[in-house]
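Residues per chain are reported as follows:
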Amino acid sequence: MTRTRTTRRALALVAALVFVAGACGDDDEESAPEPTTGDTAAPAGDTAAPADDTAAPAGDGEPVTIDWWHIQNTEPSTTNWQTVADQFMADHPNVTINVTVMENEAFKAAIQTNMQAGDVPDLFQSWGGGGLIQQVDAGLVKDITADVADVADELTGTGSFEVDGVAYGLPWKVGMVGFWYNKDLFAEAGLDAPAD
């Protein structure tokens, strides 16, 4: 994938998620984020914080502050993501994106603490799966299905960030995990081969 296409996709992702976060995020600039959970996404995943009826939607209107946490702490990723945020803010002068970058394990600990306290970043890295189900059940993430409908079909792995067909995040990178097995030992144990 070319760098321009990657940047366009990243901007589309941030634009969709910032719209969602602007419509439902917390504008409290006094609560600084402390330095969550599955493969990587920006739920989104990452996803947005619970609804707040006092927040203004992103655009050319009222000021909106977005807290974005991620784990891309090496170059060129750190600079690339900051560039995406800077470009979005340049295109949307009323939006301020505060980017918090952490190491993977520190991030998981911090997001867990913040989730338990109900202090959820507007955008954050996530791995989907079981952790997302718990976040949905606790009301900590927002249904963004309609907001990302125009880009979701272009991405691979969107199902990892859905619960019961509802989207709570978008993937920006997908990794495959595989394993080897011994056919003879499976047969001896009376086990069928894994499905293709």
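How each quantity is defined
- Residues numbered from 1 in each chain as written.
- Predicted model: local features only at pLDDT ≥ 70, side-chain atom pairs only at ≥ 80, totals over all residues.
- Heavy atoms only, no water.
- Core = buried A, V, L, I, M, F, W, Y, C linked by side-chain atoms within 4.5 Å.
- Buried < 20%, exposed > 50% of the residue type's maximum accessible area, 1.4 Å probe, protein only.
- Contact = heavy atoms within 4.5 Å.
- Phe/Tyr/Trp six-rings, centres within 6.5 Å; stacked < 30°, edge-to-face > 60°.
- Helix = DSSP H or I, 4+ residues; strand = E, 2+ residues; numbered from the N terminus.
- Lys NZ or Arg CZ within 6 Å of the ring centre and 35° of its normal.

A.B. asks: Got a minute to help me understand the nonpolar core in this structure?
C.D. replies: For soluble globular proteins, the rule of thumb is that nonpolar side chains tend to be buried together. Counting residues in hydrophobic clusters, the biggest one holds 16 residues, and the most contacted among them are W69, F107, I111, M115, F124 and L132. Residue contacts for L132: discarding those within four places in its chain leaves V141, S160, F161, E162, V163 and Y168. By size, the runner-up hydrophobic cluster in this structure holds 11 residues, among which are W68, V84, M89 and I97.

A.B. asks: Please clarify how the packing of aromatic side chains should be interpreted in this entry.
C.D. replies: For any two aromatic rings, the description comes down to two numbers: the centre-to-centre distance and the angle of the planes. Counted under the stated rule, the structure contains five aromatic pairs. Between W68 and W81, the aromatic rings sit 5.3 Å apart at their centres with planes inclined by 85°, giving edge-to-face as the arrangement. Of the two residues, W68 sits in strand β1 (residues 64-70) while W81 sits in helix α2 (residues 77-91), which places them 13 residues apart along the sequence. Comparing W68 with W81, the two get one shared label, buried. Centre to centre, the rings of W69 and F107 are 6.2 Å apart; their planes meet at 70°, and the pair counts as edge-to-face. Of this pair, W69 sits in strand β1 while F107 sits in helix α3 (residues 104-117), and the two are 38 residues apart along the sequence. The pair W69 / F107 is uniform in exposure class, with both members buried. A connected cluster of aromatic rings, assembled from ring pairs, spans W68, W81 and W172. The positively charged end of K108 is found above the aromatic ring belonging to W127, 5.1 Å away from the centroid.

Any functional reading would require information that these geometric values do not contain.
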